[in-house]
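Each chain, letter by letter, is given below.
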Amino acid sequence: MASSDEGTSSESDYQVFLSFRGPDTRIGFTDFLFHSLTDAGICVFRDDEELRVGERIDGSLWRAIDNSRIYIPIFSQTYASSQWCLRELVQIMANTSESEGKKQILPIFFDVEPDDVKLKTRLYQDALLEHEKNLNTEQVDAWRKVLIEVDAIKGWEVKKYKGYGDVIKLVVEEVVKKLKTKHRSVTEHLVGIDDRVMAVTELLDVDFGGVRLIGIHGMGGIGKTTLAKIVFNQLSSHFGKCCCFLEDVREKSSRTSGLVELQKKLLSEIGHPVGIQNIDEIDYGTKRIGEALRDKKIFIVLDDVANSEQVERLVGRSALYPGSRILITTRNKDALRIIRPNYQILEYEMEVMSSDCALELFSRHAFNGDSPSDDYKDLSREIISATGRLPLAIEVIGSFLFDKRQQIWKETLHKLGKAPHKDVFGKLKISYDALSHEEKQIFLDIACFFIGEHIMYAIYMWKDHHFFPDTGVDVLISMSLVKIKENKFWMHDQVRDLGREIIRRENPINPGERSRIWTTEEVINAIKTNEIKKNVQALNLDLRNEHEFFIRSEDIGRFQNLRYLKLNSGTFKGELANSLTNLSWIVWSNPPHLFFKPTITGLKNAIVLEFSENSSIDDSKLQSLIKVARRLKVLSIERCCSLKRSPDFSGCPNLERLNFTGCSNLRKISGSIGKLKSLIDLKIWRCGLKDLPEEIGNLVNLKHFSIKQCPLKKLPDSIWKLKSLCEFHLDNMSTISWELPSAIMLQNLEVLQIYSLSLKGRLPSAIGRLPFLRILCLFSTGISEVPETISTLPCLETLELSNCDAIQGLPTLPTSLNNLKVSSKSLRVIPDLSNLTNLVMLDLSDGYSQRQEGKTCFGDLRWIGMLSKLNKLHLTLLSIPAPFELASLSQLKELHLSGLDLRTLDQLPASLLYLRLSKFNSAVSLSSKSENLSRLNLSSCQVQEIQLNGLQLQNLTELQLMGSETLLRFGLSDMRKLKTVEVIDCPKLVEIQFAGVFESLKQLTLWICESLGRLAYMGDVESANELIIEEGRLILLSRVLNKLRRFNILGCPRILQIQVLDTSELLESIRVMQCRHLRSVCGLSNLKKPEIIFIWCCDELRVVEGLDELEFLKWLAIAECPSLEGFINVSTTKLLNDCSMDVCYGGKFARAKKTFSGSVQSYKNNMAREAHGSGCVSKRFFSLWRFT
């Protein structure tokens, strides 16, 4: 066996492999070198052939050679006398030559000359001649060749140095240099962060085998989160799926169930989503996380942690798996005070930016350039000094000073000079103080209530109170106090805390004297007092967890100047709304059915009303509200099941936005809707409407109209005359046929999307008279013709005619198109699209899988080469020759070809990353330019054999083979980066061939392959010939599939035996389902780290060999295997007592089937008591089965 004293590394983590002859160098030089390398943080495998037993290199040594990046053979007097050393050297040279420069050999000549190794002297020559007496000449010649080759590599001659220390120091320095990671350059929008990224990356040291926790600490706004994100992006690939970035831990943990939600998110993202919905307590979530992390090498970033307890709750209290990394950002250095025996806790303190970097960052915001203008240089440097070079302060102040006169700059500098450098609040408040009164109110509202909320409704409230939000929000954005992302408010947490601290300072003791209250505890405390709260303008009252708290209308009435009120659940008494006469915006969700009968007559000044899941809102109450709320601008009704018809809208002529969503009983919209001359947005989704009033055509200012999933029988003709309409979205569920009118007078229409199976006829020629139309999408319609006038649309960018099966051809299309999708089973001629040179995405289908007999699409695709900007191309066309011009599409990343004749496909674009080929009937020839391809999907192929070679597909990581009815043989060779193989629904497939070692393959899935009888291992694999002879015996050969983690097989009836051959260090999950004739599963004792054994519906299965040896198994599930004679011996099993079991067992002739669901310990107890259950498999078992 090998002697490797590294102690903290698994075999996959070795960086350096030492090959030496023990008697010559083990004591002294090699030991010194080994410890020097490990002291430098390098993971070393030290092989000692003197300690070996047997004649074959064992699996651990073979894997150590394959997984190492640098090899150091130490040539000594008797090195060539050792067969072991020479075999290692052959494998080392093979790995190096195949690594494309990624692996290197650094030879050391200990007490020999390079000429000795080069066989120019008798020393090594005689040793090889001695070997020839017992071995064949071919093997010895291979050793001669490799000795000569390795001598050509520059190395160190020990005798030329004064002592071992000198040469070993040089060796270690060279190894460290070659292993050092090259860091990626950061985005051009960041300044001065490269060195920080490098420093944190070196602290994390993903090549070190132990567990490390790195804490980035410093003041808020200094750039901790930004740094953590860049580091995470660079290193997450080292951990596969086992990585997670949890943002805003402090903020989210403060919410109700916030920490539990973070726990669920973490478990889901690292690949443990099973049962997370059952986590309802923090302690249970911590336990689940501990169980998940102890057996996986993970990388987790916890951003903005408040205390050490949050760290423990989110990474568990158990020991972490070797190689795991935790990266924390925090303002509180004490959050890193964690006592863990297996943690190496390192700190990184964020310092302020250098003066030069700070000046560059400031210049980008204040001058929109990299440096200040000449007359502002001195002022800029003084301001940089006054900000303390804090990145957030620099950004905020710089944005404020953009395009300002010099006097304001000097005044700002004067203010900055009075604030302590370390007081972030003071520095940020300078920008706040520069705001007008109205802008301050907008800023404080966002900070307290609207982060993450849509901007629109808040705009209405601010306008009502004359805060001038259109200008005000722009000012906040320009000063970097607020950002808009996807039409929602976003604010840096330091800026948010600035706003909230300003409110707190209004009265640090009494929340009722502040202008805004947003936490439930403080709201309740303010409500309980009997004093009038004249100062409070906005209130967020969330009573979902306050079931025993009652609120009277007079309690709310004491808040006399409320303009915003958000209510969620709660129990109220009295006429609440009559107490809210000044309210502009009310949001009311989930009210109780009892204790509260609102008349809502008091909301006469309301501008925005939102009701959701509010059963108290029926026809009469909504009518009462509408009648009084004449100033109303926004009305949103969602999931209010008591509503059957809309109110008479005559009472609210100022309404601009109207939303009915999920009101399933809403049957009628009043014709008075036509009186809403100010309405600009109308949304009706998932309601019970069968018709719309003709008066909708009177909405002269309507810009956005969306009606979806309503069973409309007919659209009013007046809709097509809405001259202000910009977007129209229609999803019509009705089965009654209808046509688009010949006259479409929507002169300002930009987007038209229609999903309607019942839409028939032709697209009217009037469509060409819509000069601003950008997007035209018709889904599953019966439209039969597209008019020639479509070519006259100057702004059309997207045209989708999906499943429009009556279309036979296309006219000339406008050259402005970027995206085109056409699918029709009536398509007769392939259109010439050579003029569409701006296309980025093209999807063209003749629907051949559904077309009638005798109908054929004609034409060719030679014009495809003209579309040089294509990024995605999907072609579904029966028997059309694949154009050789495809190879010229230099920007193509994704290609789907289905049904085409591939005999003309000689070459693929070198840029291609994802290729899907479907329903082809000729052999696939993947060109040498496919080296960038990472995903390959072959489906419904009509060939008998497919052979794929890793020399052509060097970067392929995912492979799917599906639905191939004629395929007999499938071969893979030298696929070194392949991670996932799925073979599904190939009924005639007899065998799958593996040639070479698949060093990255992690998952192998075989589903519904009725004829599959074996996996064949070809090439140089020892004993391979023995493995392919016996059909029905499926061997998982660990020497070939040495990285396999998950094996899944379902519906393969010709498999009689499944056997794990040789020790498997990584295989963690075996799932066997519906293999009806499977008789045995063998070799499970070869699994070293199994987690899941799942066997289901294998009628003839009698033996599962080795279950009792799986001491690390976490879940055992066996069901519907009536012939199984037994599975574990309760008296001798090594299964852990807390291993979960879900089993349904009992022979064919048993009177009753026995079921069990629980731990191994519980099962042992049951057996001891001879308690026999009856019935079917437990519900828990089947819920887990459905998930898998």
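Given the structure is predicted, the values throughout are model-derived calculations rather than measurements.

### Here's the deal with the overall build of the protein
A tally of regular secondary structure across the protein gives 28 helices and 53 strands. Relative to its 1188 residues, the protein shows a buried fraction of 53%. Residue pairs in contact within the protein that sit at least 24 positions apart in sequence constitute 50% of those at least 6 positions apart. As presented, the protein carries roughly 51,600 Å² of accessible surface, and 48% of it is formed by carbon and sulfur atoms.

### Focus: the packing of helix H14 (residues 355-366) against helix H16 (residues 391-401)
At a closest axis distance of 7 Å, the pairing of H14 and H16 adopts a crossing angle of 35 degrees. When you trace H14 past H16, the crossing you get is right-handed. Here Ala358, Leu361, Phe362, His365 and Ala366 of H14 come into contact with H16, specifically with Pro391, Ile394, Glu395, Ile397, Gly398, Ser399 and Leu401. Its residues assigned to classes, the contact of H14 with H16 comprises eight nonpolar, three polar and one charged.

### A word on a positive patch on the surface
Residues Lys644, Arg667, Lys690 and Lys713 make up a contiguous surface patch of positive charge. The topology assignment puts Arg667 in the loop between strand E22 (657-661) and strand E23 (681-685).

### Some thoughts on the sheet that holds strand E10 (residues 325-330)
Strand order in the open sheet formed by five strands is E8-E9-E10-E7-E11, with parallel pairing between adjacent strands. The open sheet has two free edges, formed respectively by strand E8 (243-246) and strand E11 (343-349), since each of these has just one partner strand. Between one strand axis and the next, the sheet turns by 15 degrees as a mean value, whatever way the strands run. Relative to the sheet, helix H11 (residues 258-269) contacts E8 and strand E9 (299-305), its axis offset from that of E8 by approximately 155 degrees.

### Focus: the packing of helix H19 (residues 437-450) against helix H20 (residues 455-464)
Relative to each other, H19 and H20 sit at 140 degrees, their axes nearing to 12 Å. Considered as vectors, H19 and H20 are oriented oblique to each other. Read as a crossing pair, H19 and H20 show a hand that is right-handed. Contacts between H19 and H20 involve Ile442, Asp445, Ile446 and Phe450 on the former and, on the latter, Ala458, Met461 and Trp462.

### Description of the sheet that holds strand E37 (residues 945-949)
On the basis of which strands lie adjacent, the open sheet formed by four strands has the order E37-E39-E41-E43 and parallel pairing. Edge positions in the sheet fall to E37 and strand E43 (1014-1018), since each has one partner strand and no second. Across the sheet, the axes of successive neighbouring strands diverge by a mean angle of 15 degrees, strand direction being ignored. Pairing of E37 with strand E39 (residues 969-973), which is carried by five bridges, proceeds in the parallel orientation. When the sheet's bridge partners are listed, Gln947 is paired in E39 with Gly971.

### Topic: helix H15 (residues 377-386)
For H15, the complete set of buried residues consists of Leu379, Ser380, Ile383, Ile384 and Ala386. The arc that holds every buried residue of H15, seen down its axis, measures 160 degrees, which confines them to one face.

### Let's talk about the nonpolar core
Formed by 197 residues in total, the largest nonpolar core has its most connected members in Leu692, Phe728, Phe970, Phe994 and Phe1047. With residues near it in sequence (within four places) discarded, Phe1047 still touches Leu1004, Leu1006, Leu1034, Leu1036, Ile1058, Leu1067, Ser1069, Ile1070 and Arg1071.

### Section: helix H8 (residues 194-204)
Because an α-helix completes one turn every 3.6 residues, residues spaced three or four positions apart along the sequence face the same direction. Within the sequence span of H8, burial applies to Arg196, Val197, Val200, Thr201 and Leu204. Looking down the long axis of H8, one finds its buried residues gathered within 130 degrees of arc, a one-sided arrangement. The elements touched by buried residues of H8 are strand E7 (211-217), helix H9 (224-235), E9, E10 and E11. Positive backbone phi, at 45 degrees, marks Asp205, one or two positions downstream of H8.

### Let's talk about the pairing of strand E44 (residues 1033-1037)
Burial of E44 is extensive: five of the five residues sit out of reach of the surface. Burial along E44 is two-sided: the residues Arg1033, Ile1035 and Leu1037 and Leu1034 and Leu1036 are all buried.

### Observations concerning unusual backbone geometry
The backbone phi angle of Asp248 is positive, close to 50 degrees, even though this residue is not glycine. By the secondary structure assignment, Asp248 is in the loop between E8 and helix H10 (249-253). Overall, Asp248 belongs to the partly exposed group, its relative accessible area being 29%. Positive phi is not limited to glycine here, since Cys1097 has a value of about 55 degrees. On the basis of relative accessibility, which here comes to 10%, the residue Cys1097 falls in the buried class.

### Focus on the pattern of salt bridges
Scanning the entire structure with this criterion turns up 48 salt bridges. The shortest N-O distance in the salt bridge between Arg294 and Asp295 comes to 3.9 Å. Sharing partners across several salt bridges, the network here consists of Arg294, Asp295, Glu1091 and Lys1114.

### Re the packing of aromatic side chains
For the structure on display, the rule yields 29 aromatic pairs. Centroid distance Phe75 to Phe109: 5.7 Å. Interplanar angle 25 degrees. Geometry classified as stacked. In this pair, Phe75 is assigned in strand E3 (residues 70-75) and Phe109 in strand E5 (residues 108-109), connecting sequence segments 34 residues apart. The buried category is assigned to Phe75, whose relative accessible area is 0%. When the centroid spacing of 5.7 Å and the interplanar angle of 50 degrees are considered together, the rings of Tyr432 and Phe443 count as tilted. Of this pair, Tyr432 sits in helix H18 (residues 424-433) while Phe443 sits in helix H19, placing them eleven residues apart in sequence. Residue classification places Tyr432 among the buried residues on the basis of a relative accessible area of 8%. Residue class for Phe443 comes out buried when judged on its relative accessible area of 0%. One aromatic cluster is present, formed by Phe449, Phe450, Tyr457, Trp462, Phe489, Tyr564 and Trp585 through successive ring pairs.

### Let's talk about the environment of Lys297
With respect to the helices and strands, Lys297 occurs in the loop between helix H12 (282-293) and E9. Residues Lys297 and Gly209 lie 88 residues apart in sequence; the distance between their C-alpha atoms is 9.7 Å.

### Considerations on the side chain of Thr25
Inspection of the secondary structure puts Thr25 in helix H1 (residues 22-39). Among residues more than four places away in sequence, those in contact with Thr25 are Phe20, Thr30, Asp31, Ile74, Ser76 and Phe110.

### A look at the state of the cysteines
Enumeration according to the criterion identifies zero disulfides in this entry. Between Cys640, a free cysteine, and Cys663, which holds the nearest cysteine sulfur, the sulfur-to-sulfur gap is 5.3 Å.

### Describing the side chain of Arg563
Here Arg563 is to be found in the loop between helix H24 (553-557) and strand E17 (564-568). For Arg563, a relative accessible area of 3% translates into the label buried. Each residue touching Arg563, except ones within four places of it in the same chain, is listed here: Gln441, Asp445, Met461, Trp462, His465, Phe467, Arg516, Gln537, Asn582, Leu583, Ser584 and Trp585.

### Quick look at the environment of Leu1050
Position of Leu1050 among the secondary structure elements: in strand E45 (residues 1046-1050). On a C-alpha basis, the gap between Leu1050 and Arg1071 in space is 8.1 Å, while along the polypeptide they are 21 residues apart. Filtering out sequence-adjacent residues up to four positions away, Leu1050 remains in contact with Leu1006, Trp1007, Ile1008, Cys1009, Met1073 and Gln1074.

### So, the confidence of the model for the protein
Across the protein, the average pLDDT comes to 83, with 87% of residues at 70 or higher. Predicted confidence for residues 180-187 stays below pLDDT 50, and this span has eleven contacts to residues more than four positions away or in other chains.

### What to know about the environment of Glu1111
One can find Glu1111 in the loop between strand E50 (1103-1104) and strand E51 (1115-1119). Relative accessible area serves as the criterion here: at 40%, Glu1111 is assigned to the partly exposed category. Between the C-alpha atom of Glu1111 and that of Asn1137, which follows or precedes it by 26 residues, the distance is 9.5 Å. Among all residues touching Glu1111, those that are not within four sequence positions of it are Lys1134 and Leu1136.

The rules we used
Residues numbered from 1 in each chain as written. Predicted model: local features only at pLDDT ≥ 70, side-chain atom pairs only at ≥ 80, totals over all residues. Heavy atoms only, no water. Helix = DSSP H or I, 4+ residues; strand = E, 2+ residues; numbered from the N terminus. Buried < 20%, exposed > 50% of the residue type's maximum accessible area, 1.4 Å probe, protein only. Contact = heavy atoms within 4.5 Å. Areas by Shrake-Rupley, 256 points an atom, 1.4 Å probe, with all protein chains shown as cover. Axes fitted to C-alpha atoms, helices over the stretch in contact; angles between N-to-C directions. Left-handed = near helix turned anticlockwise from the far one by under 90°. Nonpolar A, V, L, I, M, F, W, Y, C, P; charged D, E, K, R; others polar. Patch = residues over 30% accessible without salt bridge, like charges linked within 9 Å, V, L, I, M, F, W, Y side chains within 5 Å. Salt bridge = Lys/Arg side-chain N within 4 Å of Asp/Glu carboxyl O. Lys, Arg positive; Asp, Glu negative; His and termini not counted. Charge placed at Lys NZ, Arg CZ, Asp CG, Glu CD. Pairing = 2+ DSSP bridges. Parallel < 35°, antiparallel > 145°, perpendicular 65-115°, else oblique. Arc of directions from axis to C-beta. Core = buried A, V, L, I, M, F, W, Y, C linked by side-chain atoms within 4.5 Å. Phe/Tyr/Trp six-rings, centres within 6.5 Å; stacked < 30°, edge-to-face > 60°. Disulfide = S-S within 2.5 Å. pLDDT = per-residue confidence, 0-100.

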